[in-house]
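Remarks on the overall topology
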Amino acid sequence: MHITAAESQIMDALWRREPLTTDEIVAEVGPAQGWGDATVKTLINRLLKKKALKSEKVGGRHCYRPLVARADYVQAESQGLLDRLFDGQLAPMVAHFAKTRTLKPEELARLKKLISELDDDDR
């Protein structure tokens, strides 16, 4: 399942705090994105059709909950990026980012620690 960037705004709101009503989702993401009620409702309906959300009636109001865990979404999107841009290989992606942007000392330390831990796991 592919969740668009616009749809991910709705999902982010629900991953932070669930369940949310339509009005709460509109209030949460609408102003920041410049979206009106109709746009948010369209995105909610798309996510329902994709089975990324579920709707339940609580006190006469529709409330929404994510059916996709944030970790699963991040994994799928990360793998898709890796596959599309780097033939599924991690090292060229890391090299690209390391060469095209300045790494902060703490980022470099985290990468070194991660590599060391991965190396230790292989032994």
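Provided above is the structure to which this section pertains.
Source: prediction; values computed, not measured. (Residues numbered from 1 in each chain as written. Predicted model: local features only at pLDDT ≥ 70, side-chain atom pairs only at ≥ 80, totals over all residues. Heavy atoms only, no water.)

Side note on the packing of helix 1 (residues 5–16) against helix 3 (residues 37–49)
Direction vectors running N to C along helix 1 and helix 3 enclose 90°, while the axes themselves pass 10 Å from each other. On the basis of the axis angle, helix 1 is roughly perpendicular to helix 3. Judged by residue contacts, Ala 6, Glu 7, Ile 10 and Met 11 of helix 1 engage Val 40, Leu 43, Ile 44, Arg 46 and Leu 47 from helix 3. (Axes fitted to C-alpha atoms, helices over the stretch in contact; angles between N-to-C directions. Helix = DSSP H or I, 4+ residues; strand = E, 2+ residues; numbered from the N terminus. Parallel < 35°, antiparallel > 145°, perpendicular 65-115°, else oblique. Contact = heavy atoms within 4.5 Å.)

Some points on the environment of Ser 78
Among the secondary structure elements, Ser 78 is positioned in helix 4 (residues 70–86). Since its relative accessible area comes to 37%, Ser 78 is described here as partly exposed. For the pair Ser 78 and Gly 88, spaced 10 residues apart in the sequence, the C-alpha separation amounts to 9.9 Å. (Buried < 20%, exposed > 50% of the residue type's maximum accessible area, 1.4 Å probe, protein only.)

Some points on the sheet that holds strand 3 (residues 61–66)
Strands sit in the order 1-3-2 across an open sheet of 3 strands; the sheet is antiparallel. Taken across any chain shown, the strands that pair with only one partner, and hence form the sheet edges, are strand 1 (20–21) and strand 2 (53–58). Alignment of strand 2 against strand 3, held across 6 bridges, turns out to be antiparallel. Each bridged residue has a counterpart across the sheet, and for Leu 53 the counterpart in strand 3 is Pro 66. (Pairing = 2+ DSSP bridges.)

Here we look at the packing of helix 4 against helix 5 (residues 90–100)
Where helix 4 meets helix 5, the axes come as close as 10 Å, and the angle between the chain directions of the two elements is 85°. Here helix 4 is positioned roughly perpendicular relative to helix 5, judged by the angle of their axes. Contacts between helix 4 and helix 5 pair Leu 81, Leu 82 and Phe 86 from the former with Leu 90, Pro 92, Met 93 and His 96 from the latter.

A word on the layout of surface pockets
There is about 500 Å³ of room inside the largest pocket. In terms of lining, the largest pocket is formed by 14 residues, of which the most central are Met 93, Val 94, Glu 107, Leu 111 and Leu 114. For the lining of the largest pocket, the residue count by class is 11 nonpolar, no polar and 3 charged. (1 Å grid on protein atoms, 1.4 Å probe; cavity = no way out; pocket = protein on both sides within 12 Å on 5 of 7 lines; lining within 4 Å. Points joined across faces, edges and corners; volume = space filled by probe spheres on them. Nonpolar A, V, L, I, M, F, W, Y, C, P; charged D, E, K, R; others polar.)

Here's the deal with the nonpolar core
The nonpolar side chains of soluble globular proteins are, as a tendency, buried together. Core analysis: the largest hydrophobic core is formed by 20 residues, its most contacted members being Ile 10, Met 11, Ile 25 and Val 40. Looking at this core, the element that brings in the most residues is helix 1, giving 5 residues. Setting aside residues up to four positions removed in sequence, Ile 25 forms contacts with Ile 10, Leu 14, Leu 20, Gly 30, Val 40, Ile 44 and Tyr 64. (Core = buried A, V, L, I, M, F, W, Y, C linked by side-chain atoms within 4.5 Å.)

Some words on the pattern of salt bridges
Counted according to the given criterion, the structure contains 8 salt bridges. A salt bridge links Arg 17 to Glu 28; the shortest N-O distance between them is 3.5 Å. You can see Arg 17 sitting in the loop between helix 1 and strand 1 and its partner Glu 28 sitting in helix 2 (residues 22–33), a full 11 residues away along the chain. Accessibility expressed as a relative area gives 42% for Arg 17, which makes it partly exposed. Relative accessible area serves as the criterion here: at 31%, Glu 28 is assigned to the partly exposed category. The closest approach of N and O atoms between Arg 101 and Glu 107, which form a salt bridge, is 3.3 Å. One connected set of salt bridges, linked through shared partners, spans Arg 16, Arg 17 and Glu 28. (Salt bridge = Lys/Arg side-chain N within 4 Å of Asp/Glu carboxyl O.)

Any functional reading would require information beyond the geometric quantities listed.
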